[in-house]
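Examination of the molecular architecture
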Amino acid sequence: MKGIIFDVAAEVVREDYGEATWDQLLDAAGSDGVYTALGSYSDAELLALVHAAAQELGTSDEEAMVLVGRRGFPILAGRYPSLMTGIDDVTGCLSALNTIIHPEVLKLYPGATPPSFEVATDGDDLPLRYLSQRQMCRLAEGLALGSADWFDEPVSVTHDSCREAGDDSCVLRLRWAKEVVAPRAPVSR
């Protein structure tokens, strides 16, 4: 895995919990914390950091990974604004992953192995098949939620299927919240 994801994880922790917490997570994960964006690091090292974060926060590893993705999306979008050019919403962002964003990632980070996504529509929902050797669909879930935050779209994500549960593939389902209409006050007569 390329170091950019480690950099983003570090920035999320430092912004939300402080430098001391990042140092504690590095110690707990047995990491020296020396990451460069172009460097390559083991997936196990990221998983160890996420596990340490989950322990520190009193949450599950899955929830900690979603947090890194969700809080990491605006960091990535801020670092690479040209990748967001012409993308106006969550659907456009997710649809551009294979055709625009990840090809540009490969130019910036030779040797990277970004996941692939199959984007479909199902009524008002957007099923997103996550294809990766890494099995980090929770990071993809967090990034999808982060893109929803970025575009100010109320989206929830569920897992129709998940390799973590023994399924053949991971399919995330994005569902947009229906606009809530406040009930009308009773008419007095």
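Report follows, based on the coordinates. Worth saying up front: this structure is predicted, and the values here are computed from it rather than measured.

About the criteria used
- Residues numbered from 1 in each chain as written.
- Predicted model: local features only at pLDDT ≥ 70, side-chain atom pairs only at ≥ 80, totals over all residues.
- Heavy atoms only, no water.
- Helix = DSSP H or I, 4+ residues; strand = E, 2+ residues; numbered from the N terminus.
- Contact = heavy atoms within 4.5 Å.
- Areas by Shrake-Rupley, 256 points an atom, 1.4 Å probe, with all protein chains shown as cover.
- Lys, Arg positive; Asp, Glu negative; His and termini not counted.
- Charge placed at Lys NZ, Arg CZ, Asp CG, Glu CD.
- Salt bridge = Lys/Arg side-chain N within 4 Å of Asp/Glu carboxyl O.
- Buried < 20%, exposed > 50% of the residue type's maximum accessible area, 1.4 Å probe, protein only.
- 1 Å grid on protein atoms, 1.4 Å probe; cavity = no way out; pocket = protein on both sides within 12 Å on 5 of 7 lines; lining within 4 Å.
- Points joined across faces, edges and corners; volume = space filled by probe spheres on them.
- Nonpolar A, V, L, I, M, F, W, Y, C, P; charged D, E, K, R; others polar.

**A short note on the overall build of the chain**
Looking only at helices and strands, the chain has 7 helices and 4 strands in total. Starting at the N terminus, the α and β elements of the chain follow one another as α-α-α-α-α-α-β-β-α-β-β. Along the longest, intermediate and shortest principal axes, the C-alpha atoms of the chain span 70 × 35 × 35 Å. Sequence separation of at least 24 residues holds for 58% of the intrachain contacts in the chain that already meet a minimum separation of 6. Approximately 10,200 Å² of the chain is accessible, and the part contributed by carbon and sulfur atoms is 52%. Counting 15 positive and 30 negative side-chain charges, the chain places the centres of these two groups 7 Å from one another.

**Observations regarding the pattern of salt bridges**
Under the criterion given, the structure shown has 14 salt bridges. Ionic pairing is found between Glu11 and Arg79, a salt bridge with its closest N-O pair at 2.7 Å. Separated by 68 residues along the polypeptide, Glu11 in helix α1 (residues 3-17) and Arg79 in helix α4 (residues 61-79) bring together distant segments of the chain. Judged by its relative accessible area of 25%, Glu11 falls in the partly exposed class. The class for Arg79 is partly exposed, based on a relative accessible area of 34%. Linked by salt bridges that have partners in common, Asp122, Asp125, Asp160, Arg173 and Arg175 make up one network.

**Examining empty space enclosed by the protein**
It is a probe the size of a water molecule, rolled over the atoms, that shows where empty space is left. As enumerated under the stated definition, the model contains 2 cavities of 30 Å³ or more in all. Volume-wise, the largest cavity comes out at about 720 Å³. Forming the walls of the largest cavity are 32 residues, and the residues nearest its centre are Ile5, Leu76, His102, Val105 and Leu143. Here the element with the most residues in the lining of the largest cavity is helix α6 (residues 97-108); it accounts for 5 residues. For the lining of the largest cavity, the per-class residue count stands at 27 nonpolar, 3 polar and 2 charged. Estimated volume of the second largest cavity: approximately 140 Å³.

**What about the side chain of His102?**
Assignment of secondary structure puts His102 in helix α6. Each residue touching His102, except ones within four places of it in the same chain, is listed here: Leu97, Pro114, Pro115 and Phe117.

That is the geometry; function is a separate question.
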